[in-house]
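# Architecture and fold: a report
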Amino acid sequence: MHCPFCKNPDSRVIDSRTADDGTAIRRRRSCTECGRRFTTQESVILMVGKRSGVTEPFARDKIIRGVRRACQGRPVGEDKLAILAQRVEDTIRARGCAEIASHEVGLAILGPLRELDEVAYLRFASVYRGFESLADFEREISLLRAAHVDARQSQTIEAAGSASAKGTIDGVEGTARDQVRNTQHTVREAPAETAGQTAARPVRNSQDTARQVPTETVGQTAARPDLVDVAARVR
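On a predicted model such as this, the values are computed, not experimentally measured, just so you know. (Residues numbered from 1 in each chain as written. Predicted model: local features only at pLDDT ≥ 70, side-chain atom pairs only at ≥ 80, totals over all residues. Heavy atoms only, no water.)

## Brief notes about the overall build of the protein chain
When helices and strands are counted, the protein chain shows eight helices and six strands. Mapped in sequence order, the helices and strands of the protein chain form the string β-β-β-β-β-α-α-β-α-α-α-α-α-α. A burial count over the protein chain gives 21% of its 235 residues as buried. Residue pairs at least 24 apart in sequence account for 38% of intrachain contacts in the protein chain once pairs closer than 6 positions are excluded. (Helix = DSSP H or I, 4+ residues; strand = E, 2+ residues; numbered from the N terminus. Buried < 20%, exposed > 50% of the residue type's maximum accessible area, 1.4 Å probe, protein only. Contact = heavy atoms within 4.5 Å.)

Okay, structure coming up:
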């Protein structure tokens, strides 16, 4: 790497860091001749083949320039354009090809651009796909409307599922709360015995039993002949 200041062909690397989500390496270099420092960036070259047969390196800036023209007059900032170009490049590089046709690059742009701005998408698609009549625009607009209907239906189904799940959870929680309340109410109604009352219960029962047993008098005992015979024998 030649020094951009003195054109010396020799330099040494001071620091290296990854950039662009790991797709490039940024190196800080120092010239061995003049001592001045500069930064270089290394990345894998992705070639784009045009219809004419010419190949050229993939350039994210070209995507931004093309989409910027389609977004003219639309509320689309430079940050969003940069994000779109990054998504397109990630999609292309994920295919693992060293060379890709320019037609494939255009197809990779259409999806993110439709999500970004539909008017800009129609402008770009009309040029890229070569619209020649109003029927072409009407067909594309119909596809956009159908996509909106499908998105609304999906949101309605998701909302209904969430509401049903929430209702089921609320019902289960309500049943559990009712069971707890019933249990607490039953416990409050049941009379509580003190330790003194519990200890006094068997004594009271014994006293009741003693009262129920008839007590024999001396006269009644003497009137029984079997007891008189036993007494006579003892004497």
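## Topic: the pattern of salt bridges
Counted by the stated rule, this structure contains 13 salt bridges. When the shortest N-O distance is used, the salt bridge between arginine 29 and glutamate 42 registers 3.6 Å. In this pair, arginine 29 sits in strand β2 (residues 24-31) while glutamate 42 sits in strand β3 (residues 37-43), placing the two residues 13 residues apart along the sequence. Residue arginine 29 is classed as buried on the basis of its relative accessible area, which comes to 13%. (Salt bridge = Lys/Arg side-chain N within 4 Å of Asp/Glu carboxyl O.)

## Here we look at the sheet that holds strand β4 (residues 47-49)
Overall, mixed pairing links the three strands, which are arranged β5-β4-β6 in an open sheet. Only two strands of the sheet have a single partner each, and these edge strands are β5 (55-57) and β6 (99-101). Within the sheet, the average angular offset between the axes of one strand and its neighbour, ignoring direction, is 30°. Of the strand pairs in this sheet, β4 and β6 are connected by three bridges, and their pairing is parallel. Bridging across to β6, methionine 47 finds its partner in glutamate 99. (Pairing = 2+ DSSP bridges. Axes fitted to C-alpha atoms, helices over the stretch in contact; angles between N-to-C directions.)

## A short note on the confidence of the model for the protein chain
This prediction gives the protein chain a mean pLDDT of 78; 71% of its residues lie at or above 70. Scored below 50 in pLDDT, residues 202-210 makes zero contacts in the model with residues more than four places away or belonging to other chains. Considering only residues more than four positions removed or in separate chains, one finds that residues 215-223, a stretch of pLDDT under 50, has five contacts. (pLDDT = per-residue confidence, 0-100.)

## Topic: the nonpolar core
Among the nonpolar cores identified, the biggest contains 27 residues, and Ile63, Val67, Ile92, Val105, Ile109 and Leu113 are the most heavily contacted of them. When sequence neighbours within four positions are dropped, the list of residues in contact with isoleucine 109 reads Ile63, Val67, Val88 and Phe124. (Core = buried A, V, L, I, M, F, W, Y, C linked by side-chain atoms within 4.5 Å.)

## Description of helix α3 (residues 102-116)
In this model α3 runs 21 Å from its N-terminal to its C-terminal C-alpha over 15 residues, within 8% of the 21 Å that 1.5 Å per residue would give. The complete set of buried residues in α3 reads Val105, Gly106, Ala108, Ile109, Leu110, Pro112 and Leu113. (Expected span 1.5 Å × (residues − 1).)

## Focus: unusual backbone geometry
Positioned with a positive phi, lysine 7 is a non-glycine residue whose angle comes to about 65°. Residue position: lysine 7 is located in the segment before β1 (11-19).

## Structural notes on the sheet that holds β2
The strand order β1-β2-β3 describes an open sheet built from three strands, whose pairing is antiparallel. A strand with exactly one partner marks an edge of an open sheet, and here the two such strands are β1 and β3. The mean inter-strand angle of the sheet, taken between neighbouring strand axes irrespective of direction, is 25°. Strand direction decides the pairing type here: β1 and β2, joined by eight bridges, are antiparallel. In the sheet register, arginine 12 faces β2, and the bridge partner there is serine 30.

## Points about the packing of aromatic side chains
Between two aromatic rings, the relevant description is the distance of the centres plus the angle of the planes. Taken as a whole and judged by the stated rule, the model has two aromatic pairs. Relative to tyrosine 128, the ring of phenylalanine 124 lies with its centre 6.0 Å away and its plane at 15°, an arrangement referred to as stacked. With phenylalanine 124 and tyrosine 128 both in helix α4 (residues 118-128) and four residues apart, the pair spans about one turn of that helix. We classify tyrosine 128 as partly exposed; its relative accessible area is 22%. Note on phenylalanine 131 and phenylalanine 137: the rings are 5.1 Å apart at their centroids and 80° apart in plane angle, and the pair reads as edge-to-face. (Phe/Tyr/Trp six-rings, centres within 6.5 Å; stacked < 30°, edge-to-face > 60°.)

## A few points about the side chain of arginine 27
Along the chain, arginine 27 falls in strand β2. Here serine 16 takes part through its side chain, which lies 2.8 Å from a polar atom of the side chain of arginine 27. When near neighbours in sequence (up to four residues on either side) are disregarded, arginine 27 contacts Val13, Asp15, Ser16, Phe38, Thr39, Thr40 and Glu42. (Polar contact = N/O pair within 3.5 Å; in protein donor to acceptor, adjacent residues only side chain to side chain.)

## Remarks on the environment of alanine 24
Mapped onto the secondary structure, alanine 24 falls in strand β2. When the C-alpha positions of alanine 24 and valine 44 are compared, they lie 7.2 Å apart, and in sequence the two are 20 residues distant. The contacts of alanine 24, once residues within four sequence positions are left out, are Arg17, Thr18, Ala19, Gln41, Glu42 and Ser43.

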